[in-house]
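# Architecture and fold: a report
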Amino acid sequence: MLTASAPGRDCVEAADAVRGDPFSCRACGAPVVLKRGEVRVAHFAHWPDAVCPYGSGMSLAHLEAQRRLADALRARGVHAELEAPAPSLAGDRRIDVLAWPPDRPAARIALEVQASELTVEHVAARTRSYEALGIAPLWLRLLDFGAFERVQTLPLLGAVWVETYRARAWERWAHDHLGGRLWFIDAGPMLAWRGALAPAQAYDESAGEWVPIVQWVELALEGPFELETLRLNRGRVAGADRRNRLAAWFVAPAEDARSPSRPLVRTRRRIDGGSEERELQVEVDGRWLPAAVEGAPGDWRTRGAARAPIIATGPPRR
């Protein structure tokens, strides 16, 4: 955990805590110990015999991501509260990072970093609870991008392309119901990426057609972005079930505060010489263009994908 209580203080952040002072868990009140090193993020931990579940099972990478997010928001003048209590939530009653502009305290945003498995029911329930409180949720997938295999790029879009990404059920729900985007944090360099999930398909030789694959999706990633360069926005977005929900998203540098539901990648089937083929397309400046893929450079995790120049090929495609 990144926060604890101290005599006369309800909330002390580990980064500001003084070693040797007495600290206690904000959930159960039991004593906790301050852990701080040269490399790992400063945090508090229960003693081994503690039974309180708060903070248990949270990796150092998760804590580091929370800390980095809060620091980045504060650097932009945004108020950011770590492990903020939310009385309406069942079970874990704290928000990873609760943020709002100092001049708009009602425009609150809950940034939730997730590295472990969650059920769709859990994410949907927390989203409903946040909506009832007027808090816009932003779910962030913390993942080590070094685990990706067969990474390619989409040069026309300047994006990274992962053909077989095994998205978890909660990721699919958050993507589809909160604006058609899912933000990622690469656990290595702690850089942010904007992701779009596209249905995966494979060619069935026996049937002679392309069929959907449910085990994985295809993932397009725009980035990377330094956390300090991203701005927050919130609003109501239409989900896959056509219901409008309160949600939040990052706005990348040099972009306006547009809704996150802009299309990114799609596939279309076309007949070529009597046979059916699948064409991958990307949306660039209002045009849907056939997209070629290329191998990703070795430094793609820190530099991203180079964007190729657009050559006009006719009117915009619908």
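The structure this text deals with has already been given above.
Structure report, in brief.

How each quantity is defined
Residues numbered from 1 in each chain as written. Predicted model: local features only at pLDDT ≥ 70, side-chain atom pairs only at ≥ 80, totals over all residues. Heavy atoms only, no water. Helix = DSSP H or I, 4+ residues; strand = E, 2+ residues; numbered from the N terminus. Buried < 20%, exposed > 50% of the residue type's maximum accessible area, 1.4 Å probe, protein only. Polar contact = N/O pair within 3.5 Å; in protein donor to acceptor, adjacent residues only side chain to side chain. Salt bridge = Lys/Arg side-chain N within 4 Å of Asp/Glu carboxyl O.

## Here we look at unusual backbone geometry
Of the consecutive residues G223 and P224, the connecting peptide bond is found in the cis state with omega at 0°. Among the secondary structure elements, P224 is positioned in strand 14 (residues 209-225). Phi is positive for M190, which is not a glycine, with a value near 55°. Among the structural elements, M190 can be located in the loop between strand 12 (182-186) and strand 13 (191-204). You can call M190 buried: its relative accessible area is 5%. Phi is positive for R242, close to 70°, though the residue is something other than glycine. Tracing the chain through its elements places R242 in the loop between strand 15 (231-238) and strand 16 (244-251). Classification of R242 by relative accessible area gives exposed; the value is 78%.

## Comments concerning the side chain of E279
Tracing the backbone shows E279 in strand 18 (residues 275-284). A relative accessible area of 13% means that E279 is categorised as buried. Within the structure, E279 has its side chain in polar contact with the side chain of Q281 (distance 2.7 Å).

## Focus on the pattern of salt bridges
Using the criterion set out here, one finds 16 salt bridges in the structure. Measuring nitrogen to oxygen at the nearest pair gives 2.7 Å for the salt bridge that ties E64 to R68. With E64 and R68 both in helix 1 (residues 60-75) and four residues apart, the pair spans about one turn of that helix. Judged by relative accessible area, which is 19%, E64 ranks as buried. Here D241 and R245 are joined by a salt bridge, their closest N and O atoms 2.7 Å apart. When its relative accessible area of 39% is taken as the criterion, D241 is described as partly exposed. Among the ionic contacts, a cluster of salt bridges with common partners joins E13, R67, D71 and R74.

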